[in-house]
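Here's the letter readout for the chains.
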Amino acid sequence: MKPVKVGICGLGTVGGGTFNVLQRNAAEIARRAGRGIDVAQIATRHPNPACNIGDTPTTGDVFDVVNNPEIDVVVELIGGYTLAKEVVMGAIANGKHVVTANKALIAVHGNEIFAAASEKGVVVAFEASVAGGIPIIKALREGLAANQIDWVAGIINGTGNFILTEMRDKGRTFEDVLAEAQALGYAESDPTFDVEGIDAAHKLTILASIAFGIPLQFDKAYTEGITKLTTADVNYAEALGYRIKHLGVARRTENGVELRVHPTLIPADRLLANVNGVMNAVMVNGDAVGSTLYYGAGAGAEPTASAVVADIIDVVRALTTDPNNRVPHLAFQAESLSDLPVLPVEQITTAYYLRLQAKDRPGVLAKVATILSERGINIESIMQKEAEEQDGLVPIILLTHRVREQDMNVAIAALEALEEIAAPLMRVRVEQLN
Ligand code: HSE
């Protein structure tokens, strides 16, 4: 059989890794795919010193690849929304299959892209868009297809996890660790996407759609970053037996889907609490299988290339199949997607860590307890520390049982209105993951 011709758009970190893996493992890949895979053209504005592309034809214009009649599969590794979307939509319009690692593009424009692809009978594969080298999309979409998925929780931003790990283990500053993540090629070109949870929300949006069979709804995801966390909170969490992780949580409830990314206390003995550095992990709970866990490198050239190349192999195998009998893009048949709403964050239910800075006076703790109990909020544990020298305020740390977020908001407003409590207080959500 003739080799399949692939065009790579973008020869940055992931593009370079993809080219190198395709070359190095060409024989093994051909044994798996049933035919060879040739890189027929690369679109790039800059050479990648990590790649020896030899005499592979190159162009500075991505549309040369999109419009190249020789090419069967366009691999979009440019990133961003605008040009990447034109490349993907152009390739689909030309009847070409697409492989992309672009989570932002899929999370924001995926519904439109998949509709166009289905119309044309082509595949858009996006395994590398979530958790780098971990085959979580394949696991959710195919391996767990028997299950009703109840929840998904993951550490799905390597940069953020690297920052939290280094802050906790080595006492390094936020800025110092972020600069290292950028130098290592893990961070997004706009690192606020990493530390404010936007990158994780893109990925969680994709996971939730595949888990629950709902359209992609990035605009409804609740996103909170890690920039307000202090070393004191990290240490208090440890003292209570918890770790703070930047978690993406998608949970199906009777009323709708919770879709949220925020710092989260999780018990220190959970496997997820021990996922450190740039590593990612995703926990999936299904009604038949129970809890499952997927762990691996969530970023970097070759881990991400591992997922891109696996998608290319899948597409090559699908070339001769009936388009109506392929695995649906979002796991469920497009006409069977559900209209289960994504809940506003006020409607979610979770437990809370609260840190209050209180004046050291008799009766303060009683007032705090009264405000919480009047709103039906059950305290699980309470810890009071020594007064801090600078301001003389006493840190009071509370863990609550699960409560609706809107009820907690009302309680927090009442606590902050107390004359003895400095506002704003610190609130971090808590998940037991059991
Ligand atoms: N910036 C992302 C991360 C890269 O740190 O996880 C992989 O999507």
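Keep in mind it's a predicted model, so treat the numbers as computed, not measured. (Residues numbered from 1 in each chain as written. Predicted model: local features only at pLDDT ≥ 70, side-chain atom pairs only at ≥ 80, totals over all residues. Heavy atoms only, no water.)

A. Representation of the packing of aromatic side chains. Within the structure shown, the criterion is met by two aromatic pairs. With a centroid separation of 5.2 Å and 35 degrees between ring planes, the pair formed by phenylalanine 114 and phenylalanine 126 is classed as tilted. Taken as a pair, phenylalanine 114 in helix α5 (residues 103–120) and phenylalanine 126 in the loop between β6 (124–125) and α6 (136–143) lie far apart in primary sequence, twelve residues in all. Note on phenylalanine 126: relative accessible area 1%, which makes it buried. (Phe/Tyr/Trp six-rings, centres within 6.5 Å; stacked < 30°, edge-to-face > 60°. Helix = DSSP H or I, 4+ residues; strand = E, 2+ residues; numbered from the N terminus. Buried < 20%, exposed > 50% of the residue type's maximum accessible area, 1.4 Å probe, protein only.)

B. Representation of the sheet that holds strand β5 (residues 97–100) in the model. Taking strand neighbours across the sheet as the criterion, the six strands line up as β3-β2-β1-β4-β5-β6 in an open arrangement whose pairing is parallel. The sheet terminates laterally at β3 (58–59) and β6, the two strands that pair on one side only. Relative to strand β4 (residues 73–76), strand β1 (residues 4–9) runs parallel, the two sharing four bridges. Looking at β4, one finds that cysteine 9 is bridged to glutamate 76. (Pairing = 2+ DSSP bridges.)

C. Quick peek at helix α10 (residues 198–212). With 15 residues, α10 should reach 21 Å at 1.5 Å per residue; the first-to-last C-alpha distance of 21 Å fits that figure. The element α10 is extensively covered by neighbouring structure, given that 14 of its 15 residues are classed as buried. A positive phi of about 70 degrees marks glycine 213, the residue just after α10. (Expected span 1.5 Å × (residues − 1).)

D. Summary view of the domain arrangement of the protein. Domain annotation of the protein identifies domain 1 (4–135 + 301–336), domain 2 (136–297) and domain 3 (348–430). A separation of 26 Å is found between the C-alpha centroids of domain 1 and domain 2. Taking both partners together, domain 1 and domain 2 bury about 2,200 Å²; carbon and sulfur atoms supply 66% of that area. When the buried area of domain 1 at its contact with domain 2 is split by residue, Lys103, Val130 and Ile134 rank highest and sum to 26% of it. Counting across the interface, domain 1 meets domain 2 through three salt bridges. In this structure, the salt-bridge partner of glutamate 188 is lysine 103, at a minimum N-O distance of 3.0 Å. Inspection of the domain 1/domain 2 interface yields twelve residue pairs in polar contact (both at pLDDT 80 or more). (Domains from an automatic or database assignment. Buried area = accessible area lost by both parts, 1.4 Å probe. Salt bridge = Lys/Arg side-chain N within 4 Å of Asp/Glu carboxyl O. Polar contact = N/O pair within 3.5 Å; in protein donor to acceptor, adjacent residues only side chain to side chain.)

E. Structural detail: the pairing of strand β7 (residues 149–155). By the criterion of burial, β7 is predominantly enclosed, with six of the seven residues buried. The sheet contact formed by β7 and strand β11 (residues 279–286) spans six bridges and is antiparallel. Paired with tryptophan 151 across the strands is asparagine 285, a residue of β11. Where β7 and strand β9 (residues 242–252) come together, four bridges link them in antiparallel fashion. Counted as the bridge partner of alanine 153 is valine 249 from β9.

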